[in-house]
Amino acid sequence: MVMPDGGRVVIAFDVGKKRIGIAAGNTVTSTATERSTVAVGQQGPDWTAIDAAVRDIAPALAVIGLPYNVDGTPGRLAPLAAAFGAEFERRYGLPVEYVDERYSSAIATEELSAARARGQMRRRVRREDIDRIAARIVLERWLNGAGRKS
């Protein structure tokens with residue numbers, strides 16, 4: 001959705017082999033919020049759950065994290081993320097942009113561990129938590145103009 005003030009609502013994805021983290025934000029406030037995760041099975045992503053997220057968020061575009069190695073070369077899951085982006089664009093007719101998601105899961109893990117240490121989170125950290133926070137980190141990078149890839 002394009003907002004009345006010209007801002008755009010954005011959906012972001014951290015794509016993995018088992019789960020996809022989802023975050024949402026907008027370009028007016030340059031803020032992002034983690035939303036949920038969806039499963040990836042033998043048949044691929046749970047597109048029904050992604051459909052629901054797209055309906056709920058009503059984005060004007062999607063941002064997808066592309067995994068890169070430390071040396072800047074594409075990571076082993078980069079083709080998976082790119083294929084997801086192409087299919088998302090085909091299904092929803094929305095533009096897709098990519099951002100370097102290097103270390104996003106490590107940063108998410110650190111955030112969650114710190115929250116637990118402060119007593120803000122009592123249960124153990126789950127992979128789903130890491131994936132949705134990694135999606136938020138990907139979106140924050142895009143909103144800040146860092147790590148954009150064509």
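For the structure given in this document, a descriptive report is provided here.

### Quick word on the packing of helix H1 (residues 47-57) against helix H2 (residues 78-92)
Reasoning step 1: Packing of H1 against H2 leaves a shortest axis separation of 12 Å and a crossing angle of 60°. Taken together, the axis directions place H1 and H2 in an arrangement best described as oblique. Between H1 and H2 the crossing geometry is right-handed. Together, Trp-47, Ile-50, Asp-51 and Val-54 of H1 and Phe-84, Glu-87, Phe-88, Arg-91 and Tyr-92 of H2 make up the contact between the two elements.
Reasoning step 2: Considering only residue class, the contact of H1 with H2 consists of 6 nonpolar, no polar and 3 charged.

### Focus on a nonpolar patch on the surface
Reasoning step 1: Where nonpolar side chains cluster on the molecular surface, the patch consists of Val-70, Tyr-103 and Ile-107 and spans about 300 Å² of accessible area.
Reasoning step 2: In this fold, Val-70 is placed in the loop between strand E5 (61-66) and H2.
Reasoning step 3: Judged by its relative accessible area of 65%, Val-70 falls in the exposed class.

### What to know about the packing of aromatic side chains
Reasoning step 1: Scanning the model with the defined rule gives 6 aromatic pairs in all.
Reasoning step 2: Ring centres of Phe-13 and Phe-84 lie 5.0 Å apart, and the angle between their planes is 65°; this geometry places the pair in the edge-to-face category. Of this pair, Phe-13 sits in strand E1 (residues 9-15) while Phe-84 is found in helix H2, placing the two residues 71 residues apart along the sequence. Here Phe-13 and Phe-84 have matching classes, each one buried.
Reasoning step 3: Every member of this aromatic cluster is reached through a ring pair, and the members are Phe-13, Trp-47, Phe-84, Phe-88 and Tyr-92.

### Topic: helix H4 (residues 127-143)
The periodicity of an α-helix, 3.6 residues per turn, causes residues three or four positions apart to be oriented the same way.
Reasoning step 1: A rise of 1.5 Å per residue sets the reference length of H4, with its 17 residues, at 24 Å; its end C-alpha atoms lie 24 Å apart and thus fit the reference within 8%.
Reasoning step 2: Across the 17 residues of H4, 14 count as buried, placing the element largely inside the fold.
Reasoning step 3: Looking at the residues trailing H4, positive phi occurs at Gly-145, about 80°.

### Quick notes on the environment of Arg-90
Reasoning step 1: Looking at the element boundaries, Arg-90 is found in helix H2.
Reasoning step 2: A polar side-chain atom of Arg-90 sits 2.7 Å from a polar atom in the side chain of Glu-87.

### Some words on the pairing of E1
Reasoning step 1: Counted residue by residue, E1 has 7 buried out of 7 residues, so it is predominantly covered.
Reasoning step 2: Residues Val-9, Ile-11, Phe-13 and Val-15 line one face of E1 and the alternating positions Val-10, Ala-12 and Asp-14 line the opposite face, and both faces are buried.
Reasoning step 3: Sheet analysis places E1 next to strand E2 (residues 19-26), joined by 7 bridges and oriented antiparallel. Across the sheet, Val-10 pairs through a bridge with Gly-25, a residue of E2.

Calculation notes
Residues numbered from 1 in each chain as written. Predicted model: local features only at pLDDT ≥ 70, side-chain atom pairs only at ≥ 80, totals over all residues. Heavy atoms only, no water. Axes fitted to C-alpha atoms, helices over the stretch in contact; angles between N-to-C directions. Helix = DSSP H or I, 4+ residues; strand = E, 2+ residues; numbered from the N terminus. Parallel < 35°, antiparallel > 145°, perpendicular 65-115°, else oblique. Left-handed = near helix turned anticlockwise from the far one by under 90°. Contact = heavy atoms within 4.5 Å. Nonpolar A, V, L, I, M, F, W, Y, C, P; charged D, E, K, R; others polar. Patch = residues over 30% accessible without salt bridge, like charges linked within 9 Å, V, L, I, M, F, W, Y side chains within 5 Å. Areas by Shrake-Rupley, 256 points an atom, 1.4 Å probe, with all protein chains shown as cover. Salt bridge = Lys/Arg side-chain N within 4 Å of Asp/Glu carboxyl O. Buried < 20%, exposed > 50% of the residue type's maximum accessible area, 1.4 Å probe, protein only. Phe/Tyr/Trp six-rings, centres within 6.5 Å; stacked < 30°, edge-to-face > 60°. Expected span 1.5 Å × (residues − 1). Polar contact = N/O pair within 3.5 Å; in protein donor to acceptor, adjacent residues only side chain to side chain. Pairing = 2+ DSSP bridges.

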